[in-house]
Structures are given as structure tokens and as C-alpha cells.
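# Per-entry structural report
Chain by chain, the residues:
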Amino acid sequence: MSNPNPIGIFDSGVGGISVMNEIRHLLPSEDIIYYADSAHCPYGSKDPAFIRRRIKNVTGFLTGFKVKIIVAACNTASIAGLDFLRQVFPLPIVGMEPAVKPAAAITQNGKVGVMATGVTLAGNRFHSLVSRFAGNTEIITVPCPGLVERVEMGLINDPETERLLRKFLDPLITSGVDTVVLGCTHYPLLRPLVELIVGPDVAVIDTGKAVARRVAQVLTDDNLLKNGTDCGREKFFTSGNPDTVGRAISILWASPNANEVKQEML
Ligand code: DGL
């Protein structure tokens, strides 16, 4: 059996493109609809109830395309509302969480830094993740206000972005962490700068590849994969300014066939 319907992916903005890149790599034939809620970005400083209202609207919009699975490519949205979304929508929904478990497994010195948004770090889901999986590992958390906005502007390699990153990473370096978790989907798009700042002895990890594997697994288990070898197509929508979002996506989207971005207010 085969299912040609698209995969729906959303984020507060363009950060979910880091996850979409991994999904496209693993599932080259699948069609993908991406929604960037850039008019309401960043989610990381908003009230969780507001975030739940937004992601309900966005998921409703994506289901209008008969998507066969939803990927909440946003740690903040997943922490604030994954359970809620699953109660409202009767289709598979894959979410994200910071890579605390893999970090605790690979750290050599028992010191891990987690970069994420304020909402993610304050969420019950995050606290439960730490108490279930950190064990004796010391978890040092850093909220990173302002970083998401740099990525939204496509400024992934400029002096002000580097200055901000150094400010957030300095305390982690001083604490001697040997592993840094990128706990927001915008941050893997800054990986080259992060790696430059922390140096080669610090592992920098995120969950993009694991989420892509999970999506492939769910589609396989539920007989929802699309048959055939055609290249999958992508459509991009945003609540933000389509020119600004389009410019950022053309920088961040690894696949060569980037498309125009349509504005859709929800
Ligand atoms: N990309 C998001 C995340 O994974 C949200 C960032 C934000 O909007 O603050 O957490």
C-alpha cells in the first residue's frame, strides 16, 4: 500500500527547516508542506496557552492539505502543546525534545550544556526529561534570547550573531561541558559557528536526524510511505512577510529546488 499525501511540518519560523533537511534526506520522494509561523515568532518568550492556540490553527491549516503526518519541528511548541495537539487531531504527530538522553549517554565528564528557549527550559516536559534521563550528569541550561531572530533574518554567519553566541556559550565553556545540546530547531542552522566557538573537543548534538528517522518509522509502520522514485516537492507557507521568510528559506533549505513562499494568515 502507498499513500501519496504530503508530510506537514511546522515551526514558529524557519528553524524547522533544519529538521526538514533531515527528513528530505531520508525520504526523498515525499511531498512536504512547511508552515513558518513567523508573524508570531519567537514562541520562546510567549505564554504556552498562546502557543497552543497558534499550533492548533497551524495544524488545522496543514490538515486542509490532507497531510498524513504532522511534524512539530519546534521544541518549544512540542514542550508547550504536543499532548494537546494529539488530543485534538486524529493523525500521527511527531514532536521534538532537546537531546538530553543522548547527551547523558555520550558525555565523558558528566557535564552537558543545553541551549534552548525560555519556554522549553521552563516546561514540565523538559524537567521530566532531565529527571528521567540525566542521571548523575550535570545539566547546565542556557536560554538564548535573540538568537532565533538572527536565524529568521537568515543571518547565520555574521559578527552580531557570533557575538550573541559567544555570550551564551561562554558560561558553558567556563563550566567545562564536553557536550552541547542544540535544544531549539533554529540553532542547528548555526552549528558551524557554535562548533567554531566551542572547539573540537566539545560534541554538539541535536535531534533532527532522530526525528527524521522517527517520521520514516511511523510512515513505514502505518503503511503511509509514498511509492515511487520521483523527487518529492515542497510548498512553503508563512504568516510572516513572504519576502523575508523566502530569503531566509533560500539560505537554509539544502535542497536545490526551493520554491516561492506564500503568505497565509491563520
Ligand atoms: N524553533 C523553535 C524551537 O525549536 C522555536 C523558537 C522560538 O520561536 O522561540 O524551540
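Throughout, a residue's number is its position along its own chain's written sequence, starting from 1. Reporting of local features is limited, given that this is a predicted model, to residues whose pLDDT is at least 70; pairs of side-chain atoms are given and counted only at 80 or more, and all residues count toward the totals for whole chains, interfaces and linings. Only heavy atoms go into the side-chain values, all of them from the structure, while hydrogens and water stay out.

Where helices and strands are cited, they refer to DSSP runs of H or I of at least four residues and of E of at least two residues respectively, numbered from the N terminus. If you trace the backbone, Asp37 turns up in the loop between β2 (32-36) and α2 (48-63). Polar contacts involving the side chain of Asp37 include one to the side chain of His40, which spans 2.9 Å. Between N or O atoms, a polar contact is any pair within 3.5 Å; within protein, one atom must be a potential hydrogen donor and the other a potential acceptor, and residues adjacent in sequence are included only when both atoms are from side chains.

Moving on, we get to the site of the ligand. The nearness test applies per residue and asks whether one of its heavy atoms lies within 4 Å of the molecule or strand. Of all residues adjacent to the ligand, which total 14 residues, the nearest are Ser12, Tyr43, Gly44, Asn75 and Thr76. For the ligand, an oxygen atom lies 2.8 Å from a polar atom in the backbone of Asn75. In the complex, the protein chains occlude 99% of the 300 Å² of accessible area that the ligand would expose alone. Considered class by class, the residues forming the shell around the ligand number 6 nonpolar, 7 polar and 1 charged. The accessible surface values rely on the Shrake-Rupley method and a 1.4 Å probe; as for residues, cover is taken only from the protein chains in view. For this classification, Asp, Glu, Lys and Arg are treated as charged, while Ala, Val, Leu, Ile, Met, Phe, Trp, Tyr, Cys and Pro are nonpolar and the rest, including Gly, are polar.

Turning to the packing of aromatic side chains, a few remarks are in order. Stacked, tilted and edge-to-face pairs are distinguished by plane angle, under 30 degrees for stacked and over 60 for edge-to-face with tilted covering the rest, among Phe, Tyr and Trp rings (Trp via its six-membered ring) whose centres lie within 6.5 Å. Evaluation of the coordinates by the stated rule reveals 6 aromatic pairs. Relative to Phe61, the ring of Tyr35 lies with its centre 5.4 Å away and its plane at 65 degrees, an arrangement referred to as edge-to-face. Placement of Tyr35 in strand β2 and of Phe61 in helix α2 is noted, with a sequence separation of 26 residues between them. Feature note: the residues Tyr35, Phe61, Phe65 and Phe237 constitute an aromatic cluster, connected by ring pairs.

A separate point is the sheet that holds strand β6 (residues 138-143). In spatial order, the strands read β6-β5-β7-β8; together these 4 strands make up an open sheet with parallel pairing. Both edges of this open sheet fall to β6 and β8 (203-205), since each of them pairs with a single strand only. Averaged over all adjacent pairs, the angle separating strand axes in this sheet is 20 degrees, with direction ignored. Whether two strands pair comes down to DSSP finding at least two bridges between them. Relative to strand β7 (residues 179-182), strand β5 (residues 111-116) runs parallel, the two being bridged by 4 bridges. Think of each axis as a best-fit line through the C-alpha atoms, taken over the contacting stretch in the case of a helix, with angles from 0 to 180 degrees between the N-to-C directions.

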